[in-house]
Amino acid sequence: QVQLVESGGGLVQAGGSLRLSCAASGRTFSGIAMAWLRQAPGKEREFVAGITIGGNTYYADSVKGRFTMSRDNAKNTVSLQMNSLKPEDTAVYYCAAGPAVVRTTRLYDYWGQGTQVTVSS
């Protein structure tokens, strides 16, 4: 079992920045892949970014160049630095864990409770 707790969401103006964090517990953190996914009102949950056990990162095209994901195995945390935010980035952001980074959201085994990110125009 893995427990995930997100923090860092909030309200920001377009062009601003936010940093999300996710703290993991319950299982060897260094042995699992991590991801950030989001769900906007009326839309399906979508992949945003992922980081492998080895530290390789993957991003959705919509956030590439603006978002940066990192992990700290010593602290059992992952972060998502979000810059140049746009109103279309508004969503509930979820931290998720699984055996690999995949873009199919339902394949992640563990999920946090989500944190709201709202970008005003």
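As the structure is a computational prediction, the values presented were derived from the model and not from experiment. (Residues numbered from 1 in each chain as written. Predicted model: local features only at pLDDT ≥ 70, side-chain atom pairs only at ≥ 80, totals over all residues. Heavy atoms only, no water.)

Draft legend 1. Looking closely at the pattern of salt bridges. Under the criterion given, the structure shown has four salt bridges. Linking R38 and E46 is a salt bridge whose minimum nitrogen-to-oxygen distance equals 2.6 Å. In this structure R38 comes out as buried when scored by relative accessible area, which is 5%. Residues D89 and R66 are paired through a salt bridge, measuring 2.8 Å at the closest nitrogen-oxygen approach. Of this pair, D89 sits in the loop between strand 8 (77–82) and strand 9 (91–98) while R66 sits in the loop between strand 6 (57–59) and strand 7 (67–72), placing them 23 residues apart in sequence. On the accessibility criterion, D89 (1% relative accessible area) is buried. One continuous salt-bridge network, built from bridges that share partners, spans R38, E46, R66 and D89. (Salt bridge = Lys/Arg side-chain N within 4 Å of Asp/Glu carboxyl O. Buried < 20%, exposed > 50% of the residue type's maximum accessible area, 1.4 Å probe, protein only. Helix = DSSP H or I, 4+ residues; strand = E, 2+ residues; numbered from the N terminus.)

Draft legend 2. Main features of the pairing of strand 7. Only one face of strand 7 is buried: it carries F67, M69 and R71, and the other face, with T68, S70 and D72, is open. Sheet topology places strand 7 next to strand 8; six bridges connect them, and they run antiparallel. Within strand 8, the residue paired with M69 across the bridge is L80. Linkage of strand 7 to strand 8, two consecutive antiparallel strands, is achieved through a turn of four residues, within which N76 is found at a positive phi near 55°. (Pairing = 2+ DSSP bridges.)

Taken by themselves, the reported measurements are silent on function.
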